[in-house]
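# Understanding the architecture of this molecule
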Amino acid sequence: MFCISITSFGQTQAVQGVVTSEGEPVPGALVLVKGTQRGTVTDIDGNYSINAAAGEILVVSFVGYTTREVTVVGGQTTINVTLNLSTSDLSEVVVVGYGSQIKKEVTGAIQSVSGKDLQDMPVSSVAQKLQGRLAGVQINQTTGKPGQGMNVRIRGQLSVSGGSQPLYVVDGFPISGDINAINPDEIQDITVLKDAASTSLYGSRAANGVVLITTKKGAKGMTNVNLNVYTGFQQVPEQGRLEMMNAEEFAQFKNEYYTDAGQPVPEAFQNPSEYRDKNNDWYDAMLQTAPITSYNLTITSNKERVNTAVIAGVFDQKGVVVNSDYKRFSLRLNTDYAVSDKVSIGVNVAPNYVVDNTPRTDGTRGTGILFNALHTWPVMPIYDESGELTYFNRFPANTGNIFAYPNWVRSAEEITNETKEFNILANTYAEWKPVKGLSFKTTFNTEIRNSNYFWFNPSTATASINVAIPTVAVSIREDYQDISWLNENIVTYDKSVNNHSFQILGGFSNQRYRSDRTRIQADTYADDRLPTIQGALNINRGGTNNGVNEWTLTSVFSRLTYNYKGKYLLTGSIRGDGSSRFGSENRWGVFPSVSAGWVLSDEEFMSAGSTISFTKLRASYGVTGNNNIGNYTQYALVNNTINAAFGEAVVPGAAVTSLSNNNLGWETTAQFDLGLDLGFWDDRVSFVYDFYTKNTTNLLYAVQIPQESGFSNFNDNIGEIKFWGHEFAVNAIAVNTSNFRWNVNANISFNRNEVISLADGIDRVYGSYHITQVGQPFGQFYGMVKEGNYMNAEDLANSPIIPGRSTVGSIKLKDVNGDGVITYGGDNDDRAIIGNPFPDFVYGLVNTFTFKNWDASITASGSEGNQLYMRHLYSTANLDGVFNMVAKAADRFRSPEDPGEGIFGTTVGGGNVTGVERDWNNSNFVWDANYFTIRNITIGYSFKNLGKSVKSARVYASGQNMWVFTPYWGGSNPEVSMQNDGNGDGGNLSPGVDLSAYPVPRTITIGANITF
């Protein structure tokens, strides 16, 4: 039991009692004598003792419960208090930028999630735990690679080249990367800042929103030791996998291919039934059932003047693709020490070590072995007659196969693709409060990352099609040393005069970042068992290099928060940032904001007995910036590896490779937000609505310039994009009895965007499969419009055709410009927008239940109206038959009497005809990818009355990614988005491309959470 302070107040006496809820003790409840500083905290059994005089009022409170006030009667020495579960969270304190506020008084668009609500989900990243929980925040898992693949986008924000990921702030420190390496068990709570009024205090990095993460601290007066352990397994469900032809079906396809072409059928395919039950499923051979385990030990203590939290974690996730795994060893020490009533200091140190060993699974056939496995003929053996993995597979030459395939299972097992990272995130602060309401705080923050990457391709394996074994052994070593430090100095003054309350904040910060990179590529090894640099016969100079990247950011900022009677609310802020990333004439950016709120429910004209228990109107306007353009883009860069000829001599030289731009400046986003917060039936049901509109201007982009200049592009600020949207969130306690409680949280968001302008003389930007065009949404799918197939000779004669290529049964494309000829590109281009990767709306649903000692939760999320570009159809539906085919290709056009399902055309005509269907971007690649996913189901049981040594214990079972309901047939993950090389999610200009990425597994775990 911890006593905050005890001071005589009249004739006091010792009052003691027990604080309970639903018959169980409430440890950590705060008991205060109203109007004084006298207070105490209940112990593990809910007991308290405090000095109070007759007539004084005891205020008993605890987060999640309704506050009780009890008057002390003369001579009364025992007062037991029962707390009821609260139906309102308006009095909760939420973290905002550089401080905290009572939720009722917040004027910006923010949303908070407690770490307690995110427990029991067997995932490596906290972003996975947030899926479906936040209105206006779309979180897609673009790949199932362990420890990777999360794409977070707040309010649909995007840029041409400036990135779309939000800024992550951990314990006040804006980190330089993402949060994948952070142990989710370290997190106390998360706040997402969505509108400019909330984010503008972070200035130049806040255009994509801000995610504030607070790590664990100790509860007042208590020492707790918590052990959280779970273990389980992961599998790729059969449901949703891309259905490819089996060996018999593929042989049948090849048989029909030659028959339809009037050619002799090769002997290997004359009797397809001989392959029955002899299928070689190369994709399935790459998969395995994989274990997952997690151990987390948390020790917290908050007694006397010291508040300490220690969190140690071990996370080990084997991948569902063979020879892939992810390990993280983490430690966090958070300590706050009150030197005196006026001075406090604190230190947070969080080192972690990550080992990521994952084959190059994603991308096209030059890099992605999963993509390659889909394409490999199922008639080719995975194992030889002795049961060993084959090395190289080539079918008999007379089958017309032009490709040879290595063994992809061997490739996964023998090619090393490993990254080892050691990271440290550290914060230290000192705070001085010389007088009441005034504080000075200085912080120093450091982020250090050392990354060692090693890739080794032995002579016995390859990731490429048609590369003979043995091949040339190659190694790549890449080392990064990153360090970022930040110093912030903040002064805050709080003052209340009668019914007026205000806070003034001012600060200065300076941040510096440096990254050193070294890459060495070597090849031609005498022995695969010695993949050292010395063991290579050749150092590849083109693949060997090193470099340094640096940037600095200097900032000043200020905020004024004011309220009158807690119902008229006003906040204004301004930040000025100077960045080394911009030109010398335009380095400083200024980012102001203002927001206001009105708590109508506190007005007298709002009836006390009304169904509506809380009403608040909010409005905000602000400007934020984006400086994510990389480094040195404002300078004229020089390449010093270019040789020059003087007479007959070749001498080293250098040449300018890009133009400078001293005026290169900030990409800015101006945003207006209008919000409404409602509570019904004593806040048992709460409703939040936000409408926003924002314009991003001065887009950072490499603009094409005339080649007469000697250069191809010029980094500049161009154009404008408009965003707008609606967000709805509802939280309701549907049932609340002494034994049963059911809470429902639902949200839905509608985000839209339109390109208003680009550079002078440029109205569109092309991607491989996309177009960004003025007057249209960003990154739309672009290509030919498929109208079916030419069903017969009459249809062919009466329709626009591709001269020399169209035939009966081939793909029929729309003559968009009406000139009677189908043309791909050029002046008579018939391409058009053929789909949209962005959804009409996204939504989430969380149900939580408690029944006596049992609890359960179901988390789901979905997306509606979005589409995917099924890029793998380029080859998995290659009608030349050089690869294995999707099963749907069996029902293709074969004759006017047998036109098939209408998806795929004829094979007759070879590459001249089928190449059109395969090579020309067209709407046959674009498919609906709306989905509804059951993200998590958890059932738990809590044990009570376990004695003094065990405060609480809970066991649970959990299922992650249980079911995905979607019409998308191209693979198991309708959230997929990737680049051709498998690195990244496709970016803002090219989202929603499916190249058969690493599958997202279904995970089943059991666990225990014990507090001592």
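Residues numbered from 1 in each chain as written. Predicted model: local features only at pLDDT ≥ 70, side-chain atom pairs only at ≥ 80, totals over all residues. Heavy atoms only, no water.

## Some words on the overall build of the protein chain
Within the protein chain, the regular secondary structure consists of 9 helices and 53 strands. The C-alpha radius of gyration computed for the protein chain amounts to 32 Å, which stays within 12% of the reference 31 Å derived for 1012 residues, consistent with globular compactness. On the principal axes, the C-alpha backbone points of the protein chain span a range of 110 × 70 × 65 Å. Counting every position in the protein chain, which comprises 1012 residues, the buried fraction comes to 52%. When the accessible surface of the protein chain is totalled, it reaches about 42400 Å², and 54% of it is carbon and sulfur. Each charge class in the protein chain was averaged separately, 75 positive and 96 negative side chains, and the resulting centres sit 8 Å apart. (Helix = DSSP H or I, 4+ residues; strand = E, 2+ residues; numbered from the N terminus. Rg over C-alpha atoms; globule rule 2.2 N^0.38 Å. Buried < 20%, exposed > 50% of the residue type's maximum accessible area, 1.4 Å probe, protein only. Areas by Shrake-Rupley, 256 points an atom, 1.4 Å probe, with all protein chains shown as cover. Lys, Arg positive; Asp, Glu negative; His and termini not counted. Charge placed at Lys NZ, Arg CZ, Asp CG, Glu CD.)

## Re the packing of aromatic side chains
On inspection of all chains with the given rule, the structure shows 33 aromatic pairs. A connected cluster of aromatic rings, assembled from ring pairs, spans F687, Y689, F728, F750, F841, Y843, F932 and F965. For K722, the ring lying beneath its charged end belongs to W724, and the centroid distance is 5.5 Å. Across from the ring centre of Y824, 5.1 Å away, lies the NZ or CZ of R831, which sits over that ring. (Phe/Tyr/Trp six-rings, centres within 6.5 Å; stacked < 30°, edge-to-face > 60°. Lys NZ or Arg CZ within 6 Å of the ring centre and 35° of its normal.)

## Thoughts on the side chain of T938
Relative to the assigned elements, T938 resides in strand β51 (residues 931-943). One polar contact links T938 to N936, side chain to side chain, over a distance of 2.7 Å. Within the structure, T938 has its side chain in polar contact with the side chain of S958 (distance 3.2 Å). When near neighbours in sequence (up to four residues on either side) are disregarded, T938 contacts D120, D855, A856, S857, R954, Y956, A957 and S958. (Polar contact = N/O pair within 3.5 Å; in protein donor to acceptor, adjacent residues only side chain to side chain. Contact = heavy atoms within 4.5 Å.)

## Concerning the pattern of salt bridges
Within this structure, the stated rule accounts for 38 salt bridges. A salt bridge links E69 to K34, with the nearest nitrogen and oxygen atoms 3.3 Å apart. Within this pair, whereas E69 is found in strand β8 (residues 68-71), its partner K34 is found in the loop between β4 (30-33) and β5 (39-41), the two being separated by 35 residues in sequence. With relative accessibility at 45%, the residue E69 sits in the partly exposed group. Between K216 and D185 there is a salt bridge; the shortest N-O distance is 3.9 Å. Here the residue K216 occupies a position in the loop between β18 (210-215) and β19 (223-235), and D185 occupies one in the loop between β16 (173-174) and β17 (187-193), the gap between them amounting to 31 residues. We classify D185 as buried; its relative accessible area is 13%. (Salt bridge = Lys/Arg side-chain N within 4 Å of Asp/Glu carboxyl O.)

## Things to note about unusual backbone geometry
Residues I469 and P470 are joined by a peptide bond in cis, for which omega reads 0°. Among the structural elements, P470 can be located in the loop between β27 (438-457) and β28 (474-497). Not every positive phi belongs to a glycine, and R155 is a case in point at roughly 55°. Within the element layout of this structure, R155 appears in the loop between β14 (150-154) and β15 (167-170).

## Comments concerning the sheet that holds β16
The strand order across the open sheet formed by 5 strands is β12-β17-β18-β15-β16, and the pairing between neighbours is mixed. The strands lining the two open edges of the sheet, one partner per strand, are β12 (110-114) and β16. With 2 bridges joining them, β15 and β16 adopt antiparallel strand pairing. Bridge pairing links V169 to P174 in β16. (Pairing = 2+ DSSP bridges.)

## Brief notes about a negative patch on the surface
Taken together, the side chains of D891, E897, D898 and E901 make up a negatively charged region of the molecular surface. Within the element layout of this structure, D898 appears in the loop between α8 (873-876) and α9 (911-919). (Patch = residues over 30% accessible without salt bridge, like charges linked within 9 Å, V, L, I, M, F, W, Y side chains within 5 Å.)

## Observations concerning the nonpolar core
Formed by 73 residues in total, the largest nonpolar core has its most connected members in M286, V886 and F904. Only α3 (247-260), α4 (282-285), α5 (369-375), α6 (408-414), β27, β28 and β49 (867-869) provide two or more residues apiece to this core. Membership of the second largest hydrophobic core comes to 25 residues, among which are V126, L134, I154 and Y168. (Core = buried A, V, L, I, M, F, W, Y, C linked by side-chain atoms within 4.5 Å.)

## Here's the deal with empty space enclosed by the protein
If you walk through the whole model with that rule in mind, you get 9 cavities of 30 Å³ or more. Lining the largest cavity are 21 residues, with Q138, N140, N151, R153 and P837 positioned closest to its centre. Of all elements in the fold, only β13 (137-141), β14 and β49 reach the threshold of two or more residues within the lining of the largest cavity. (1 Å grid on protein atoms, 1.4 Å probe; cavity = no way out; pocket = protein on both sides within 12 Å on 5 of 7 lines; lining within 4 Å. Points joined across faces, edges and corners; volume = space filled by probe spheres on them.)

## Some thoughts on the environment of Y782
Here Y782 shows up in strand β43 (residues 780-783). Judged by relative accessible area, which is 7%, Y782 ranks as buried. Note: C-alpha distance between Y782 and S923 (141 residues apart in sequence) is 8.3 Å.

## Regarding the sheet that holds strand β42 (residues 770-773)
One open sheet accounts for 4 strands, arranged β41-β42-β43-β46; its pairing is antiparallel. The outermost strands of the open sheet, each flanked by one partner alone, are β41 (764-766) and β46 (832-835). Along the sheet, successive strands turn relative to each other by an average axial angle of 45°, direction set aside. Pairing analysis gives 2 bridges linking β42 to β43, with the strands arranged antiparallel. Its bridge partner lying in β43, H770 is registered against F781. (Axes fitted to C-alpha atoms, helices over the stretch in contact; angles between N-to-C directions.)

## Digging into the pairing of strand β22 (residues 325-338)
Judged from the 13 bridges that link them, strand β21 (residues 306-318) and β22 form a sheet pairing that is antiparallel. Bridged to V306 within β22 is Y337. Between β21 and the antiparallel strand that follows it, β22, lie 6 residues; N323 among them carries a positive phi value of about 60°. Counting the residues that bridge the hairpin from β22 to strand β23 (residues 343-357) gives 4 residues.

## Examining α3
The end-to-end C-alpha separation of α3 is 20 Å, in line with the 20 Å expected for 14 residues at 1.5 Å each. Of the positions making up α3, those classed as buried are A247, F250, A251, F253, K254, N255, E256, Y257 and Y258. One side-chain oxygen at the N-terminal end of α3 lies 3.2 Å from the backbone nitrogen of E248; it belongs to N246. Two residues or fewer after α3 comes G262, characterised by a positive phi angle close to 70°. (Expected span 1.5 Å × (residues − 1).)

## So, a nonpolar patch on the surface
Residues V306, Y337, V339, V343, I345, W432 and F440 make up a contiguous nonpolar surface patch of about 560 Å² in total accessible area. Inspection of the secondary structure assignment puts W432 in strand β26 (residues 416-432).

## Some words on the environment of I937
Mapped onto the fold, I937 is located in strand β51. Overall, the relative accessible area of 27% leaves I937 in the partly exposed class. Taking C-alpha positions, I937 is 8.8 Å from M121, a pair spaced 816 residues apart along the chain. Excluding residues within four positions of it along the chain, I937 makes contact with S857, I858, A957, S958, G959, M962 and W963.

Nothing here speaks to function; it is all geometry.
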